[in-house]
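The primary structure of each chain is shown beneath.
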Amino acid sequence: MTLAELIILLIVAGICGSIARALAGGSRGGCLVSIALGFIGALLGSKIAIMLGLPEIFSISFGGSDYPIVWSIIGASIFVAILGLLTGRSRR
């Protein structure tokens, strides 16, 4: 994976994490939190999709590996919602 591919991957993960935070109501954190959520969402969402036998809906290939866009957003949204329930913070 080249440096350019890594930067593009970080940008895509950040966008997916930001969308997930907007959908689930999470507002704390900045760009690094969004990138981390994008990667956690990709892992969690892909695992859920495999367990349920669902196909990859939309993915982007970076350096020979695929990044699942839709499952990343879904997985990160679930993760943010669970964190919101556990911490009990309001959605302001």
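Predicted, not measured: the structure shown is a model, and the values here were computed from it. Throughout this description, residue numbers start from 1 for each chain and increase along the sequence as written. The predicted nature of this model means local features are confined to residues of pLDDT at least 70 and side-chain atom pairs, given and counted, to a pLDDT of 80 or more, with totals for whole chains, interfaces and linings taken over all residues. Working from all heavy atoms in the structure, the side-chain values ignore hydrogens and water.

A. Representation of the overall build of the chain. Secondary structure elements are defined from DSSP: runs of H or I of at least 4 residues count as helices, runs of E of at least 2 residues count as strands, and each element is numbered from the N terminus. A tally of helices and strands in the chain yields three helices and two strands. Whereas a compact globule of 92 residues would reach a radius of gyration of roughly 12 Å, the chain reaches 13 Å, a difference of no more than 12%. Each of the three principal axes of the chain carries a C-alpha extent, and together these read 40 × 30 × 15 Å. Residue burial is assigned from relative accessible area. The probe radius is 1.4 Å, only protein chains are included, and a residue is buried under 20% of its type maximum, exposed over 50%, and partly exposed in between. Buried positions account for 30% of the 92 residues belonging to the chain. Whether two residues are in contact is decided by their heavy atoms: any pair within 4.5 Å suffices. Nonlocal contacts in the chain, meaning residues at least 24 apart in sequence, comprise 61% of its contacts between residues at least 6 apart. Residue-level accessible areas treat just the shown protein chains as cover; the underlying method is Shrake-Rupley with a 1.4 Å probe. Working note: accessible area of the chain is about 5800 Å², and carbon and sulfur atoms make up 71% of it. Here the globule rule reads 2.2 Å times residues to the power 0.38, and the radius of gyration is calculated from C-alpha atoms.

B. Structural context of helix 2 (residues 31-52). One fewer than the residue count of a helix, multiplied by 1.5 Å, yields its expected span. For helix 2, built from 22 residues, the straight-helix expectation of 32 Å at 1.5 Å per residue is met to within 8% by its first-to-last C-alpha distance of 31 Å. Turning to helix 2, its buried residues number three or more, namely Ser34, Ile35, Leu37, Gly38, Gly41, Ala42, Gly45 and Ala49. Residues of helix 2 that are buried make contact with helix 1 (3-24), strand 2 (65-68) and helix 3 (69-87). Positive backbone phi, approximately 70°, marks Gly53, located one or two places after helix 2.

C. Region of interest: the nonpolar core. Here, nonpolar core means buried Ala, Val, Leu, Ile, Met, Phe, Trp, Tyr and Cys residues that are tied together by side-chain atoms lying within 4.5 Å of each other. One finds Leu9, Val12, Ala13, Cys16, Ile35, Ala42, Phe62, Tyr67, Ile69 and Ile73 forming the largest nonpolar core, which totals 10 residues. Within the residue set of this core, elements represented by two or more residues are helix 1, helix 2 and helix 3. Considering every element that reaches this core, the biggest residue donor is helix 1, with four residues. Those residues in contact with Phe62, other than ones at most four positions away along the chain, are Met1, Glu5, Ile8, Leu9, Val12 and Tyr67. Counting five residues, the second largest nonpolar core, distinct from the first, contains Ala20, Ala24, Leu37 and Ala76.

D. Just the packing of aromatic side chains, in detail. Working definition: a ring pair exists when centres of Phe, Tyr or Trp rings (six-membered ring for Trp) sit within 6.5 Å. Plane angles under 30 degrees give stacked, over 60 give edge-to-face, the rest tilted. Inspection of every chain in the model, using the stated rule, returns one aromatic pair. Residues Phe39 and Tyr67 carry aromatic rings whose centres are separated by 6.1 Å and whose planes lie at 85° to one another, so their mutual orientation is edge-to-face. Placement of Phe39 in helix 2 and of Tyr67 in strand 2 is noted, with a sequence separation of 28 residues between them. According to the relative accessible area criterion, Phe39 is partly exposed, its value standing at 30%. Taking the relative accessible area as the measure of exposure, Tyr67 reaches 4% and is therefore buried.

E. Spotlight on the UniProt feature "transmembrane region" (unreviewed entry) in the chain. When the UniProt feature table is mapped onto this chain numbering, "transmembrane region" (unreviewed entry) sits at residues 6-24, 31-54 and 69-88. Structurally, residues 69-88 is divided into 95% helix and 0% strand, and its ends, taken at the C-alpha atoms, are 28 Å apart. UniProt positions are given in the numbering used here, feature names are shortened, and annotations may be inferred rather than shown by experiment.

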